[in-house]
Amino acid sequence: MQSTLWNDLAAALPELWMLGAVCFVLVFDLFVPAARRDLTYWLVQATLAGALVFTVAGHDGGRTLAFGGHYVVDEMAVLLKSAIYLVAGAVFLYSRPYLKDRGLFRGEYFVLGLFGVLGMMIMVSAHSFVSLYLGLELLALSQYAMVAFFRDSLPASEAAMKYFVLGALASGMLLYGMSVLYGTVGSLDIATVANALSQEEGRSAFALFGLVFVVVGIAFKFGAVPFHMWVPDVYDGAPTSVTLYIGSAPKIAAFAMLMRLLSESLGPLTGDWGQLLAVLLVLSMAVGNIIAIAQRRIKRMLAYSTISHVGFLFFGVMAGTQEGYAAAMFYAIVYAAMAAGAFGMLLLMSRQGYEPEHIDDFKGLNERHPWLAFLMLLLMFSMAGIPPTVGFYAKLAVIQAAVNVGEVWIAVYAVVLSVIGAFYYLRVVKYMYFDKPEESHPVQPGMDAQVIMGINGLAMLALGVFPGGLMALCLRAVGY
Amino acid sequence: MVDWPLLSLLIWVPIVGGLCVLAAGDGPGAKRIALGVAVATLLLSIPLWTGFERGTAEMQFTEFHPWIGAFNVNYHLGVDGISMPLILLTTFTTVLVVIAGWEVIQYRVAQYMAAFLILEGFMNGVFAALDAVLFYVFFEAMLIPMFLIIGVWGGPRRVYATLKFFLYTFFGSVFMLVSLLYMYSQSGSFSILDYQELRLGLTEQILIFLAFLGAFAIKVPMWPVHTWLPDAHVEAPTGGSVILAAIMLKIGGYGFLRFSLPITPDASAELTWLIVLMSLVAVVYIGFVALVQQDMKKLIAYSSIAHMGFTTLGVFLIFAILQATGGTVGAALGMQGGMVQMVSHGFISGALFLCVGVLYDRVHSREIAAYGGVVNTMPVFASFFVLFALANSGLPGTSGFVGEFMVILSALHADFWIALLAATTLILGAAYSLWLVKRVIFGKVANEQVAALQDLNAREFVVLGALAVAVLALGLYPGPLLDVMGPSIDQLIQHVTVSKL
């Protein structure tokens, strides 16, 4: 018994480290004078770095179940967690000057952010419905609080309220679906559920009933159409640093949830949820791409762009093959990096009393700061899926997976909508390169932010030229 | 020299050189580096011509490295008689474009030069790629520099023109992507050469053919999807127009030869009527449209569409001949004619756009009505302009004659009426070209601006002179070019006559 506990604790070392470190940061921050709050920030980055070390070094390459099957460490968990740490680290880095300029540079932002990361880690490593739900709620509650964090801002409060109500609704749906599944199968364990459902008698109408609610819950969390209403409002209303947080790393965790639920536990019902996803993705691609064209506010435009990307991600999952899961995983990681870069760019262009709100605020960026303009160009082309950027391979992989299972016509539909989508990304490039600047104030982001943004932007190109490594990792993570 | 990875160098030297130019920043240095890189690339492409083994249709200078293992995508390069001349055309034209932009471009000159060099690398990649994904990557990546070239350095309606250009071409090519992926799911390989051997049913072939048609017909461009071209040409800076007309349009024709014909021969045969119809409409109708243009660049743009109609006609005549006679006599003539037409049109349209650029730099107008009697003040320029205009109308002795003549001859094997309609170009081409010359070059000096014109400077003389030599050389002695492409064309004809069903 003793040794099992130790084994369990050893497996969950990254989470334990994160929990301990967050609590420490919380207390530590109380005793740090405001002028030296940078210490908190560095501590946060060190926490993430430590978690990365524990996650990668602590993994022996195999698959370990712990805590009576509620928790799992496998290739997928390690890969996705590592990606989450990296993206979250970049998010905190981009946010720091923005928060300082607005008097929001307080420990709570980082503590909540780290609690969110902990929630994501638990989601990624969940092996039962309960632990999955716990992780999800930990993440969601942190996010609600972060959106409301700028308490003097009316749009932020409104966004937080909307997010909270709709998020709670979604959690309720998900929980209801899980409980129905529990009622039919009699277990919360992911592997047991999968086993039961793979038996003929397991596929009852009740199981399908539960499945529908689970899919709705997932769609809500991703913001897939028709459950997307909260996305633009929350993205636009939240302080940009929080939008950056919400828009990037949690997508990876949401993908992990999707995998654990749909692929691992409801895998035997692939044909059933595949149809549901097909409807969601067809709608998401259309609504996301077409409505984004009408947007003038940059954050709303990126929000609709997120919705369309969710459609693509679902497309890979819908294929229901290992190849498709790997493609979707690749897409999720790449998307998180692209979103971090694009929202991060808004923070880099901000200064005290000013932040870019409309797409025209990018006018003439090539004259004001050619390097940032070039990086944004890479990010935009990557989002549009134009080679040689990595966004192209992300789309290529999901479309290939779908074509391989015979979904040629949805693939045609998807590429047509990606052409429609290209328009609004190109419009950003148009403003940056073809128009003269109206604003003369120099863009002067800090050196650290410039360097990380450089890495972030050039990674789009580097991964675009050599996507093989990441793709191989994704394939291994799904056990291909 | 033979052991060098020549094709890789031709792709990566300009790209890396372009990045160096970007790093050098706006200054006199940037232009010099750009010219150096362009010339070095041209020199590197010469061994491609001298070391090319004539008499075989095999891929040469091949390079093969695994690239993306997870996707089974390889870095596979090689050229045959069809792609090699086009690479030479690319390296040659880029040097001229860099020289032509020397003084004219004042705004962000480093970015301008870098964009052209990177574009050159991508275009070489398109012609050299033997892996479908690699091809597609270059094919799409090419759009990015061109999008910026038109958008940043273009005319007043540049934003509209460049977005139209980008979205049109992007829209066409995504269907090709799906069909490439579909063929991967059937064959398990992304090699273009494997695709050519892949057996496909007729319905599959027709759908794939239409997907390719979407990509390449827009690129060529064929009527009725040509409308982006006049806009793009008019708004693009001179260098952009030159590259667009001289090389990018050729990628469409090249695509037909490399993809459509060998991969879907039965569908090509089935739908030949469509291509022949579209080509003839381009030749005849667009010829008339060119006649009424008021804007010089637009006139040349429409003339490009008409001339590219000859290329597509020549390429697809083989099926019309097969259906009419049951044999392939005359088919090689048509296909070779189409190829020669592509190279020749690269020289002529490039030269004409450069001529318009010369006038535009001085008068800042592209309206035909703004000129008249230019010969009085610019005699040297006028001689060049007349030469290129005559070549454009297909005067024997110039390169324009060779391709058109071969295609018309070949068309006679298929059907008299096709040949007759195609031959109207000799009248229409002469009409719009010579009328342009009459209005712009001859007559009395029209206004003070024309009276104040300075004749060509040394830089412009070199550029136009080089093109004039090329036009005459290809016109008087096309033999070497035909020798190079002959075996590849013959092999292609043999390949497409065997049904895949």
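Just so it is clear, the structure is predicted and the values come from calculations on it, not from any experiment.

Q: Looking at this structure, how should I read the packing of aromatic side chains?
A: Within a pair of aromatic rings, the relevant descriptors are the distance that separates the centres and the angle that separates the planes. Under the counting rule described, the total for this entry stands at 55 aromatic pairs over all chains. When the ring of Tyr-393 of chain A is compared with that of Trp-67 of chain B, the centres are 6.2 Å apart and the planes differ by 90°; the resulting orientation is edge-to-face. You can see Tyr-393 of chain A sitting in helix H18 (residues 390-404) and its partner Trp-67 of chain B sitting in strand S1 (residues 60-68), one on each of two chains. Residue Tyr-393 of chain A is classed as buried on the basis of its relative accessible area, which comes to 0%. For Trp-67 of chain B, a relative accessible area of 18% corresponds to the buried category. On the basis of an interplanar angle of 45° and a centroid distance of 6.2 Å, the ring pair of Phe-122 of chain B and Phe-138 of chain B is categorised as tilted. Of this pair, Phe-122 of chain B sits in helix H4 (residues 109-128) while Phe-138 of chain B is found in helix H5 (residues 132-141), placing the two residues 16 residues apart along the sequence. By relative accessible area, Phe-138 of chain B is classed as buried at 5%.

Q: How should I be thinking about the interface of chain A and chain B in this particular structure?
A: How big an interface is tends to be stated in terms of the accessible area lost upon association of its parts. Contacts between the two partners involve 41 residues from chain A, matched on the other side by 35 residues from chain B. Between chain A and chain B, roughly 3500 Å² of surface is buried when both sides are summed, and carbon and sulfur atoms account for 82% of that area. Among the residues of chain A in contact with chain B, Gln-400, Val-419 and Phe-434 of chain A are the three that bury the most area, contributing 19% of the side total. Summed over the shared surface of chain A and chain B, the result is zero salt bridges. Where chain A touches chain B, the interface holds four residue pairs in polar contact (both at pLDDT 80 or more). Ranked by the residues each element gives to the side of chain A that touches chain B, the list is headed by helix H19 (residues 408-434) of chain A, at 15 residues.

Q: Where do I start with a nonpolar patch on the surface in this structure?
A: Residues and elements named next belong to chain B. Residues Phe-405, Leu-409, Leu-412, Phe-416, Trp-417 and Leu-420 make up a contiguous nonpolar surface patch of about 610 Å² in total accessible area. Listed by contribution, the elements that provide at least two residues to the nonpolar patch are helix H18 (399-414) and helix H19 (416-440). Looking at where Leu-409 falls in the secondary structure, it is placed in helix H18.

About the cut-offs
- Residues numbered from 1 in each chain as written.
- Chains lettered and ligands numbered in written order.
- Predicted model: local features only at pLDDT ≥ 70, side-chain atom pairs only at ≥ 80, totals over all residues.
- Heavy atoms only, no water.
- Phe/Tyr/Trp six-rings, centres within 6.5 Å; stacked < 30°, edge-to-face > 60°.
- Helix = DSSP H or I, 4+ residues; strand = E, 2+ residues; numbered from the N terminus.
- Buried < 20%, exposed > 50% of the residue type's maximum accessible area, 1.4 Å probe, protein only.
- Contact = heavy atoms within 4.5 Å.
- Buried area = accessible area lost by both parts, 1.4 Å probe.
- Salt bridge = Lys/Arg side-chain N within 4 Å of Asp/Glu carboxyl O.
- Polar contact = N/O pair within 3.5 Å; in protein donor to acceptor, adjacent residues only side chain to side chain.
- Patch = residues over 30% accessible without salt bridge, like charges linked within 9 Å, V, L, I, M, F, W, Y side chains within 5 Å.
- Areas by Shrake-Rupley, 256 points an atom, 1.4 Å probe, with all protein chains shown as cover.

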